[in-house]
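Residues per chain are reported as follows:
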Amino acid sequence: MADTEGTATTEHGHDGETRRDFLQLATGAFGAVGLAAVAWPFIDQMNPAADTLALATIEVDISKIEVGQAIRVKWRGKPVFIRHRTKAEIDSAKAVSDGDMIDPQSDADRVQKAEWLILVGVCTHLGCIPLGTSQGETKGDFNGWFCPCHGSHYDTSGRIRKGPAPLNLEVPEYAFVSDTVVKIG
Amino acid sequence: MNKIRTALVAGVFAATASLGFSSANAAGDAVHPPEHHWSFSGLFGTYDRAALRRGFEVYKGVCAGCHGLRLVAYRNLMDIGFTEDEVKAIAAEVDVPAEPNEDGEIEDRPGIPADKFKSPFANENAARAGNNGALPPDLSLIIKARHNGANYLNALLTGYKDAPVDKKVPDGMYYNTYFPGQLIAMAPPLSDEGVDYADKTKATVKQQAEDVVTFLTWAAQPELEERKRTGIKVILFLLLLTGLLYVVKRRIWADVH
Amino acid sequence: MAQFQKPGWLENGLVRWVDHRLPIFTFVSHELYEYPTPRNLNYWWNFGSLAGIILVIMIVTGITLAMHYTPHTAMAFDSVERIMRDVNYGWLIRYIHMNGASMFFIIVYIHMFRGLYFGSYKAPREILWMLGVVILLLMMATAFMGYVLPWGQMSFWGATVITNLFSAIPLVGDYIVTLLWGGFAVDNPTLARFFSLHYLMPFVIVGVVVMHIWALHVHGSNNPIGIDTKGEQDVIPFHPYYTVKDMFGLGVFLVFFSLFIFFAPDYLGHPDNYIEANPLSTPAHIVPEWYFLPFYAILRAVPANFIGEWSTAWMGFILIEAKLAGVLAMFGSIAVLFVLPWLDRSPVRSSRFRPMYKWFFWIFLIDCLVLGYVGAKPAEGVYIAIGRIATIWYFAHFLVIIPLLAKFEKTKDLPKSISEPVLGGGGGSASAAASKPMEKA
């Protein structure tokens with residue numbers, strides 16, 4: 001270090017200047033890298049925490065849901081509807097032609113097993129929770145769900161049929177762990 | 001000469017400071033626990049995975065009857081080598097209150113990995129009622145909540161002795177040199193072959209104590225390995241950057257004359 | 001000779017457009033680039049900018065922690081543990097914040113002792129010094145309230161003991177304590193308001209820091225020789241000389257800081273604070289955080305009956321309890337700093353030219369360390385005596401020794417200018433070698 005310093009202080013030649021500029025640049029770059037690395041933890045802390053992620057997938061026991069009934073479970077802070085459909089409901093869902101739908105999609109694309117319909121229970125219009133899961137609630141004109149906020153009607157496949165909502169109710173990612181347990185997420 | 005004085009001042013500062021702090025923390029009249037070399041101590045320390053697993057077995061088989069671990073979740077066990085299926089099975093052994101059902105009643109459901117360890121007692125009063133008025137502390141942070149925690153706990157678990165003749169030990173109390181006041185309400189928890197280790201390690205009291213201390217240290221400081229790893233990198237980086245800054249500083253100041 | 005050039009970016013078109021309307025760039029250039037700084041500052045002068053940087057670190061980590069913390073007695077402790085266990089890098093951010101408080105006090109205490117040694121509080125820098133004392137007071141309040149937030153045993157009992165100090169105030173004491181608590185003990189309302197104020201105070205500190213720097217830039221920095229700068233030969237521009245020097249100092253400090261964060265994060269804390277607060281059980285031995293220990297020692301140093309008897313005997317109707325006397329002594333130990341510029345009438349600033357004051361400075365420093373040591377000990381036996389002597393010395397240093405020294409000390413001859421002793425009387429053509437000792441001086 002003593003040598004290089006001697007060069008820098010006694011010679012004001014071209015070499016010394018270049019080397020100094022390079023050194024300052026390198027130091028500056030090094031510091032910038034460090035600063036960027038420090039920034040990451042402060043950004044990442046806003047991402048979902050480990051306990052939140054641990055509940056990102058849930059397993060639901062569906063053995064107790066009778067045919068024709070539906071339940072509501074909380075998943076990632078939102079309701080998920082699980083309906084055990086009747087034969088009539090499945091048939092009516094399959095019978096709809098594309099021309100009658102706002103967001104055409106076949107029933108087969110929306111279920112893994114025809115008797116089980118699993119949906120994110122959030123209206124695609126402005127995020128309200130549609131009625132029709134619990135017994136006694138109005139199911140709308142198409143015997144599925146009805147959103148009371150702005151009058152969207154969904155059918156027995158959760159597809160939008162009437163009203164302002166633009167899209168069908170979302171089908172979450174799910175898998176049947178067994179005949180009676182479904183894993184959502 | 002200035003440098004020497006600076007170093008001297010810094011030294012005095014540091015010495016006095018550390019003296020003050022250590023004395024501030026060493027309350028009570030208990031005997032100092034002997035130092036033990038732990039897998040997790042030192043700059044590069046990591047947890048001995050086999051010891052963690054055995055330590056969990058000791059906690060579950062011996063401690064969990066009275067002591068909770070309420071800040072640790074079953075899923076955390078996956079961080080120390082348990083498989084997802086093992087964790088699910090461990091979690092499912094306990095029943096926890098479910099969400100209210102349609103009739104508004106709260107039923108029990110089996111635990112899931114996302115649940116925290118279920119405490120053995122519902123509340124402090126229940127814990128005291130079940131333990132002759134003594135409160136078995138939750139162990140989630142016990143290593144951090146005691147001065148020199150790992151060594152202290154290791155010494156405590158292996159430190160039960162016959163009381164000296166002049167010391168009166170009341171019923172339901174036990175003599176332990178490492179416990180402040182020497183009288184502890186916890187009966188000697190560990191005994192040779194008190195647990196059956198899955199990995200067939202001989203379960204001596206010494207072995208069990210070391211394993212459970214390792215496990216509880218992890219429970220209190222799950223971030224320890226990542227922290228030390230990051231620390232090494234950060235300090236190496238800073239040393240390099242500071243060295244560069246020193247050279248740049250020397251050069252910039254060289255033309256002040 | 002160092003040049004006082006305006007930075008190149010001031011010529012940029014956009015910069016000039018903005019600057020014409022809001023001269024913020026001229027301001028930055030003037031205060032951070034061209035700002036003429038004595039050329040002979042030593043490394044003790046690094047701690048001012050370091051204090052500013054650690055303040056920023058504390059604010060950034062504090063704001064992020066507040067995104068996850070819950071100020072409720074039932075949830076505070078667990079929410080802190082959730083930060084430690086589940087929040088991404090939460091452990092890192094909390095450990096930075098926790099140890100950062102200690103670092104802040106280390107830096108500020110060194111900064112203050114530097115001011116004491118080199119006479120930085122003397123005219124025309126009295127207000128600069130007093131603003132610094134205000135910052136110290138605000139820091140102490142902020143640190144105290146921050147320590148309550150994790151809701152551990154020390155949080156709770158520290159808060160109980162310190163708020164109870166106010167009950168020593170005659171007549172209205174109990175009323176004030178109830179007001180502070182928002183109840184009949186330290187409880188949820190207390191925690192919520194401490195959180196609110198703990199979040200507010202750092203920004204108040206920023207405001208006072210701005211005034212502190214403003215006052216500094218009116219007359220410029222003091223320097224190790226303590227004589228005024230007498231022209232361009234005595235000063236150099238702040239940038240790049242002191243910016244790079246401060247950056248180097250920052251690097252050294254960050255290494256020191258990192259050792260605590262990553263390898264001894266709980267060394268400076270107390271184990272009891274990892275036990276959740278229990279209003280029904282006091283820990284065996286309550287001690288404040290280390291940075292309060294000297295003041296804690298002064299608080300406890302006042303004899304339990306001495307002033308009480310004395311005051312009732314002589315003043316009759318005013319009953320000064322020992323508790324109040326201790327509290328007064330503790331606040332007095334800081335109040336005396338406010339009037340220090342008027343206690344020390346010696347015209348010479350730097351200890352280098354004050355052979356006697358220099359010794360008393362070191363004795364005073366040791367006295368403060370002794371107070372810190374005693375503060376960590378239980379108030380019994382020999383520690384009581386040591387604490388009392390050290391407390392008496394603390395006040396005697398300011399109220400007796402310093403005024404007397406100003407009167408009787410024979411100071412050394414001051415150099416004519418900064419550049420003269422620096423260059424060894426060499427004049428203009430000094431070599432690089434001659435400049436070397438200066439930068440480390």
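Everything numeric here is computed off the predicted structure, so don't read it as measured data.

**With respect to the overall build of chain C**
Scanning chain C from N- to C-terminus turns up 18 helices and two strands. Whereas a compact globule of 441 residues would reach a radius of gyration of roughly 22 Å, chain C reaches 24 Å, a difference of no more than 12%. Each principal axis of the C-alpha atoms in chain C carries an extent, and together these give about 75 × 60 × 40 Å. Buried positions account for 54% of the 441 residues belonging to chain C. Expressed as a percentage of contacts within chain C between residues at least 6 apart in sequence, the contacts between residues at least 24 apart total 81%.

**Points about the overall build of chain A**
When its secondary structure is counted, chain A shows four helices and nine strands. When the helices and strands of chain A are read in sequence order from the N terminus, they spell out α-α-α-β-β-β-α-β-β-β-β-β-β. Looking at the 185 residues of chain A, the share that counts as buried comes to 37%. Summed over its atoms, the accessible surface of chain A is roughly 9800 Å², and 58% of this surface lies on carbon and sulfur atoms.

**Comments concerning the nonpolar core**
Soluble globular proteins tend to bury their nonpolar side chains together. Counting residues in each nonpolar core, the largest one holds 170 residues, and the members touching the most others are Leu77 of chain B together with Phe105 and Tyr394 of chain C. Looking at which domains feed residues into this core, each of domain 1 (47-72 + 116-222) and domain 2 (223-257) of chain B supplies at least three. Apart from the residues within four sequence positions on either side, leucine 77 of chain B is in contact with Phe56, Phe82, Val87, Ile90, Phe117, Phe215 and Trp218 of chain B.

**Overview of the sheet that holds strand β9 (residues 181-184) of chain A**
Residue and element names in this part refer to chain A. The antiparallel open sheet is built from three strands, whose spatial order is β1-β9-β8. Every other strand in the sheet has two partners, leaving β1 (58-61) and β8 (174-176) as the edge strands with one partner each. Taken over all neighbouring pairs, the strand axes of this sheet differ in orientation by 25° on average, direction set aside. Judged from the three bridges that link them, β8 and β9 form a sheet pairing that is antiparallel. Across the sheet, alanine 175 pairs through a bridge with lysine 183, a residue of β9.

**Details of the packing of helix α6 (residues 126-148) of chain C against helix α7 (residues 153-165) of chain C**
All names here are of chain C. As a packed pair, α6 and α7 sit with axes 7 Å apart at the nearest point and diverge in direction by 135°. The orientation of α6 with respect to α7, classified from their angle, is oblique. Every residue of α7 that contacts α6 at Phe144, Tyr147 and Val148 is listed here: Met154, Ser155, Gly158, Ala159 and Ile162. Its residues placed into classes, the contact of α6 with α7 shows six nonpolar, two polar and no charged.

**Looking at a nonpolar patch on the surface**
All names here are of chain C. Nonpolar side chains collect at one region of the surface, where Phe166, Ile169, Leu171, Val172, Tyr175, Leu179 and Phe331 lie side by side and expose about 740 Å² of accessible area between them. With respect to the element layout, phenylalanine 331 can be found in helix α13 (residues 322-338). What makes phenylalanine 331 partly exposed here is its relative accessible area of 42%.

**Re the pattern of salt bridges**
Scanning all chains against the criterion turns up 30 salt bridges over all chains. A salt bridge links aspartate 155 of chain A to arginine 161 of chain A; the shortest N-O distance between them is 2.9 Å. There is no split in this pair, since aspartate 155 of chain A and arginine 161 of chain A are both buried. The partner of glutamate 276 of chain C in a salt bridge is arginine 70 of chain B, with the nearest N and O atoms 3.1 Å apart. In this pair, glutamate 276 of chain C is assigned in the loop between α10 (238-263) and α11 (293-301) and arginine 70 of chain B in the loop between α2 (49-63) and α3 (84-92), connecting two distinct chains. For arginine 70 of chain B, a relative accessible area of 27% gives the class partly exposed. Linked through salt bridges whose partners overlap, the residues forming this network are Lys122, Asp344, Arg354 and Glu409 of chain C.

**Some remarks on the pairing of β1 of chain A**
Residues and elements named next belong to chain A. Of the two faces of β1, only the one carrying Ile58 and Val60 is buried; Glu59 and Asp61 on the other face are not. Pairing geometry for β1 and β9, over four bridges, is antiparallel. Opposite aspartate 61, over in β9, you have valine 181 as the bridge partner.

**Thoughts on the packing of aromatic side chains**
Per the stated rule, a full pass over the model turns up 51 aromatic pairs over all chains. Ring geometry for tryptophan 45 of chain C against phenylalanine 118 of chain C: centres 4.9 Å apart, planes inclined by 45°, an arrangement best described as tilted. With tryptophan 45 of chain C in the loop between β1 (36-38) and α3 (47-66) and phenylalanine 118 of chain C in helix α5 (residues 90-118), the pair connects residues that are 73 residues apart, well separated along the chain. For the pair tryptophan 45 of chain C and phenylalanine 118 of chain C, one class covers both residues: buried. Relative to phenylalanine 361 of chain C, the ring of tyrosine 117 of chain C has its centre 4.9 Å away and its plane inclined at 70°; by these criteria the two rings are edge-to-face. One end of the pair, tyrosine 117 of chain C, is in helix α5; the other, phenylalanine 361 of chain C, is in helix α15 (residues 355-376), with 244 residues separating them in the sequence. Note on phenylalanine 361 of chain C: relative accessible area 4%, which makes it buried. Chaining the aromatic ring pairs together yields one cluster made of Trp45, Phe113, Tyr117, Phe118, Phe361, Trp362, Phe364, Tyr394, Phe395 and Phe398 of chain C. For lysine 249 of chain B, the ring lying beneath its charged end belongs to tryptophan 253 of chain B, and the centroid distance is 5.1 Å.

The rules behind these values
Residues numbered from 1 in each chain as written. Chains lettered and ligands numbered in written order. Predicted model: local features only at pLDDT ≥ 70, side-chain atom pairs only at ≥ 80, totals over all residues. Heavy atoms only, no water. Helix = DSSP H or I, 4+ residues; strand = E, 2+ residues; numbered from the N terminus. Rg over C-alpha atoms; globule rule 2.2 N^0.38 Å. Buried < 20%, exposed > 50% of the residue type's maximum accessible area, 1.4 Å probe, protein only. Contact = heavy atoms within 4.5 Å. Areas by Shrake-Rupley, 256 points an atom, 1.4 Å probe, with all protein chains shown as cover. Core = buried A, V, L, I, M, F, W, Y, C linked by side-chain atoms within 4.5 Å. Domains from an automatic or database assignment. Pairing = 2+ DSSP bridges. Axes fitted to C-alpha atoms, helices over the stretch in contact; angles between N-to-C directions. Parallel < 35°, antiparallel > 145°, perpendicular 65-115°, else oblique. Nonpolar A, V, L, I, M, F, W, Y, C, P; charged D, E, K, R; others polar. Patch = residues over 30% accessible without salt bridge, like charges linked within 9 Å, V, L, I, M, F, W, Y side chains within 5 Å. Salt bridge = Lys/Arg side-chain N within 4 Å of Asp/Glu carboxyl O. Phe/Tyr/Trp six-rings, centres within 6.5 Å; stacked < 30°, edge-to-face > 60°. Lys NZ or Arg CZ within 6 Å of the ring centre and 35° of its normal.

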